[in-house]
Amino acid sequence: MKKYMMALDQGTTSSRCILFDKMGNIRAKAQKEFTQIYPQEGWVEHNPKDIWSSQYSVMTEALTMLGEDECIAGIGITNQRETTIVWNKQTGEPVYNAIVWQCRRTAKEIDRLKEEEPALSAYIMEKTGLLPDPYFSASKIAWILDHVENARQEAETGNLLFGTVDTWLIWNLTRGKVHVTDYTNASRTMLFDIHTLCWDQKILDYFHIPASMLPQVKPSSCVYGYANLGSLGESIPIAGAAGDQQAALFGQCCFTPGEVKNTYGTGCFMLMHTGDRAVKSRAGLLTTIAASADGKAEYALEGSVFVAGAAIQWLRDGMHLIEQAPQTQKICESVEDTAGTMIVPAFTGMGAPYWNPYARGMVTGLTRGCQKEHFIRAIMESIAFQTMDVLTAMRADAELSLLKLKVDGGASANDFLMQFQADLLGVDVQRPRCIETTALGAAYLAGLAVGYWKDTEEIKENWQIDRVFTASMPQEKRQELVRSWKRAVDCALYYAKWEEEHD
Ligand code: ADP
C-alpha cells in the first residue's frame, strides 16, 4: 500500500499541495501564490496557465520534501468554486482568462434575467438550488462566448470545452484525456439540475451554451483518470474532487443530517448536511450538493457571511486599533462586555438571511464609556452574531435540531470568539486539531475511492478535538444580547430604507 494521499487545494489566491498519512496527519505541505488580475472595477480574472503551473510546482515541491519514490496512493482535488475556464479541445489553450467567482461583470445580464424572466428565475431556483447571481458560472461562460472572437462558433462546432477549476486540473493532469467534474462543482454552475443530476437544457438554451462544451459529471469520490507526472510518478489515480466548502464539510466528518460546519475566514461559510433531502430555503440560503462517499447525491444548505475575519483586518489596517489579529483575544477578554456598543459590519451590504445590498455598517449604543477594547470586542462579537443569524435560518429551513457546531478557518483559533459563539448558540462549539479541513476532505474523498481508507467510520477516528467550547452564559443575558443585536441590525437595514422614505 502506497503511503500518502495527495490533496490539491486550488484556492482563490494560492495553490497548495498537502500530503496526508492514514491518520490524517500532514506529512508535507507546499503553497504558492499566483497573480490576481483586475482588468476593470469589479472584474477579477486568473490566468488558467498560472493556476496549472502553480499547482504543478507545489506538487513537485511537496513530493521533494518527502524524498520518497512512488509513495502516492491517489490525488484528491478541492478548488475555488464557480470560477470559469473555457479552452480549445485540440490545443489545450484557454480562449480567455479564468473568470473568478468574485467577478461581477455579468451583473446586468443577471438583473435582466430576474426582471424580464421571473418564471425562468423561479425555475432556476427550483432546479439548481441557487438564486440567480453573477457569482455562478452560467453567465460567465455566456460572457466568454459573447465577447471572445469566434468563440461561439467554435463552441457550436464542438471545439471548445468548459470547466470549473477541478475540471481544468484533471484535464491537465491527464494530458487532455479526461473532461469531467464532480456533483458539488456542477451544483455551483447554475446549469445543473441538482435533483436529476443532469445539465438542464432549458437553462443552457437561455444562456446559449452548447451542451457539447460541458464536462461529464461524476460523484465526488471515484477514479476519474490517471495522472502521468513523469518523474513524479506514473498512473496515479485522481480519485476525489469537491468544491472547497463541500470538501471542508467532508473533512470535518459531517456525514449525517443536521451536522454543521462553519469556516471563519475572510467571510464565514456555513454548511449544514441535510442527507438525501434537498431542502428548499425560505430564508435566502442556497441548496447545494454535498460530497458523499458512496456515489449517491446528498445535499446541504449553505449560508455565507460576507464580512467576518475581514472586520478584524479592518481593525488592523483601516482603524489601526490592533497590530495582529491574534492579539484581539486578550483585548476582548480584558473587558466584561462591550459597554452597550453593538457593531454590524455590513461593509458591503448584508447577506443571509437579510439580503440587503444597500445596508451599511452600523455602530449602536455608543456612550462615553466605550473604550477601544469595547469597540474591538463589539467587532469580534459581530462575527458570532452573524453566524447565529445564519444558523437560526438553517435550523428553521431544515427543521433539524443542532447539537454541535464544528469550526475551522483562521479566526477559529480565537478562543474568545469560539466561547462567545457557544454562549450565543447554546450548543457545543468543537474545534478540531487539524483545521486544514478543506484539503483533508479532498484527500478523504480520493482515499475512499482507492481503498486507502475503508469507510467513513475509519475516517471519523481521525477527527480529533483540539477544544470544545461549552455554553455557559445565563439565558437572560443571552436574550438581552440577541435583542440588542436585532436592534442594531434593524438600524443597519433602516439606513438602506431612509433614502426611499425621505425622497
Ligand atoms: P481565508 O481562507 O478567507 O483567506 P483564513 O481561514 O486564512 O481566511 O483566515 C484568515 C482570517 O482570519 C483573517 O481575516 C484574519 O483577520 C482572521 N484571523 C486570523 N487569526 C485570528 C485570530 N487569532 N483571531 C481573530 N481573527 C483571526
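Before reading on, note that the structure itself is shown above.
What you see is a predicted model, and the numbers here were worked out from it, not measured in a lab.

K.L.:
Looking at this model, I keep getting lost on the overall build of the protein. Mind explaining?
P.N.:
Looking only at helices and strands, the protein features 16 helices and 23 strands. Radius of gyration (C-alpha) of the protein: 23 Å, near the 23 Å computed for a compact globule of 503 residues. Dimensions of the protein along its principal axes, counting C-alpha atoms only, are 70 × 55 × 40 Å. Burial status across the protein gives 60% buried among its 503 residues. For the protein, the share of sequence-separated contacts (at least 6 apart) that also reach a separation of at least 24 residues comes to 71%. Surface exposure of the protein reaches about 20800 Å², of which carbon and sulfur atoms provide 49%. Across the protein, the centroid of the 48 positively charged side chains sits 3 Å from that of the 62 negatively charged ones.

K.L.:
Looking at this model, I keep getting lost on the packing of helix H2 (residues 107-116) against helix H3 (residues 118-128). Mind explaining?
P.N.:
Two quantities define a packed helix pair, namely the angle between the helix axes and the distance between the axes. Their axes nearest at 5 Å, the elements H2 and H3 cross at an angle of 105°. The pairing of H2 with H3 is recorded here as roughly perpendicular in orientation. Contacts between H2 and H3 involve Leu113, Lys114, Glu115 and Glu116 from the former and Pro118, Leu120, Ser121 and Ile124 from the latter.

K.L.:
Mind showing me how you'd approach empty space enclosed by the protein here?
P.N.:
The gaps of empty space that remain are located by a probe, the size of a water molecule, rolled over the atoms. Following the criterion strictly, the structure yields one cavity of 30 Å³ or more and no others. Volume-wise, the largest cavity comes out at about 140 Å³. Forming the walls of the largest cavity are 17 residues, and the residues nearest its centre are Val305, Met350, Gly351, Ala352 and Gln386. Those elements giving two or more residues to the lining of the largest cavity turn out to be strand E18 (298-305) and helix H12 (372-398). Here the lining of the largest cavity takes three residues from H12, the largest share from any one element. Here the residues of the lining of the largest cavity are counted per class, giving eleven nonpolar, five polar and one charged.

K.L.:
Just to check I follow, could you spell out the sheet that holds strand E1 (residues 4-10) for this structure?
P.N.:
Working definition: the strands of a sheet are paired by backbone hydrogen bonds and lie parallel or antiparallel to each other. Reading across the sheet, the six strands line up as E3-E2-E1-E5-E14-E13 and stay open at both edges, with mixed pairing between neighbours. Either end of the sheet is taken by a strand with one partner, and the two such strands are strand E3 (26-33) and strand E13 (221-227). With strand direction ignored, the average angle separating the axes of adjacent strands in the sheet is 25°. Packed onto the sheet, helix H9 (residues 244-251) meets strand E5 (72-79) and strand E14 (236-243) and runs at close to 105° relative to E14. Strand contacts of helix H14 (residues 437-449): E1, strand E2 (14-20), E5, E13 and E14, with the helix running at about 135° to E1, the strand carrying the most contacts.

K.L.:
I would appreciate a short explanation of the state of the cysteines in the present structure.
P.N.:
Among covalent bonds in proteins, the disulfide is the one between the sulfur atoms of two cysteines. Evaluated as defined, the whole model comprises zero disulfides. The thiol of Cys370 is unpaired, and the distance to the nearest cysteine sulfur, on Cys332, comes to 12 Å.

K.L.:
Even after reading the chapter, I still don't get the pattern of salt bridges, so can you show me in this structure?
P.N.:
Pairing between side chains of opposite charge can happen when their charged atoms approach one another. A complete count under the given rule lists 27 salt bridges for this structure. In this structure, Asp146 and Arg152 form a salt bridge, with 2.5 Å as the shortest nitrogen-oxygen distance. Taking the shortest distance from any N to any O, the salt bridge between Lys406 and Glu259 comes out at 3.8 Å. Here Lys406, found in strand E21 (residues 404-408), pairs with Glu259, found in the loop between H9 and strand E15 (260-264); they are 147 residues apart in sequence, far enough to count as distant. With respect to burial, Lys406 and Glu259 carry one shared label: buried. One connected set of salt bridges, linked through shared partners, spans Arg81, Glu82, Arg188, Asp244 and Glu302.

K.L.:
Can you walk me through the packing of helix H10 (residues 309-317) against H12 in this structure?
P.N.:
Running from N to C, H10 and H12 cross one another at 160°; their axes reach a closest spacing of 9 Å. The orientation of H10 with respect to H12, classified from their angle, is roughly antiparallel. The interaxial crossing formed by H10 with H12 has right-handed handedness. For the pair H10 and H12, the contacting residues are Gly309, Ala311, Ile312, Trp314 and Leu315 in the first and Phe375, Ile376, Ile379, Met380 and Ile383 in the second. Among the residues making up the contact of H10 with H12, the classes are represented as nine nonpolar, one polar and no charged.

K.L.:
Quick question: what am I supposed to make of the packing of aromatic side chains here?
P.N.:
Here the distance between the centres and the angle between the planes together describe a pair of aromatic rings. Here the structure, examined in full by the defined rule, presents 19 aromatic pairs. Pairing Phe192 with Trp199 gives two aromatic rings, centres 5.3 Å apart and planes at 70°, and the pair type is edge-to-face. Site record: aromatic cluster; members linked through ring pairs are Phe385, Phe416, Phe420 and Trp485. Looking at Arg105, its charged tip hangs above the ring of Trp143, at a distance of 4.5 Å from the centre.

K.L.:
What is the right way to read the site of the ligand from this model?
P.N.:
Among the 13 residues in the neighbourhood of the ligand, the closest are listed as Thr266, Gly309, Gln313, Gly410 and Asn414. Note that an oxygen atom of the ligand is positioned 2.6 Å from one of the side-chain N or O atoms of Thr266. Within the backbone of Ala411, one N or O atom sits 3.4 Å away from an oxygen atom of the ligand. The fraction of the free accessible surface of the ligand (580 Å²) that becomes covered by protein chains is 66%. No other element matches the four residues that H10 contributes to the shell around the ligand.

What counts and how
- Residues numbered from 1 in each chain as written.
- Predicted model: local features only at pLDDT ≥ 70, side-chain atom pairs only at ≥ 80, totals over all residues.
- Heavy atoms only, no water.
- Helix = DSSP H or I, 4+ residues; strand = E, 2+ residues; numbered from the N terminus.
- Rg over C-alpha atoms; globule rule 2.2 N^0.38 Å.
- Buried < 20%, exposed > 50% of the residue type's maximum accessible area, 1.4 Å probe, protein only.
- Contact = heavy atoms within 4.5 Å.
- Areas by Shrake-Rupley, 256 points an atom, 1.4 Å probe, with all protein chains shown as cover.
- Lys, Arg positive; Asp, Glu negative; His and termini not counted.
- Charge placed at Lys NZ, Arg CZ, Asp CG, Glu CD.
- Axes fitted to C-alpha atoms, helices over the stretch in contact; angles between N-to-C directions.
- Parallel < 35°, antiparallel > 145°, perpendicular 65-115°, else oblique.
- 1 Å grid on protein atoms, 1.4 Å probe; cavity = no way out; pocket = protein on both sides within 12 Å on 5 of 7 lines; lining within 4 Å.
- Points joined across faces, edges and corners; volume = space filled by probe spheres on them.
- Nonpolar A, V, L, I, M, F, W, Y, C, P; charged D, E, K, R; others polar.
- Pairing = 2+ DSSP bridges.
- Disulfide = S-S within 2.5 Å.
- Salt bridge = Lys/Arg side-chain N within 4 Å of Asp/Glu carboxyl O.
- Left-handed = near helix turned anticlockwise from the far one by under 90°.
- Phe/Tyr/Trp six-rings, centres within 6.5 Å; stacked < 30°, edge-to-face > 60°.
- Lys NZ or Arg CZ within 6 Å of the ring centre and 35° of its normal.
- Near = heavy atom within 4 Å.
- Polar contact = N/O pair within 3.5 Å; in protein donor to acceptor, adjacent residues only side chain to side chain.

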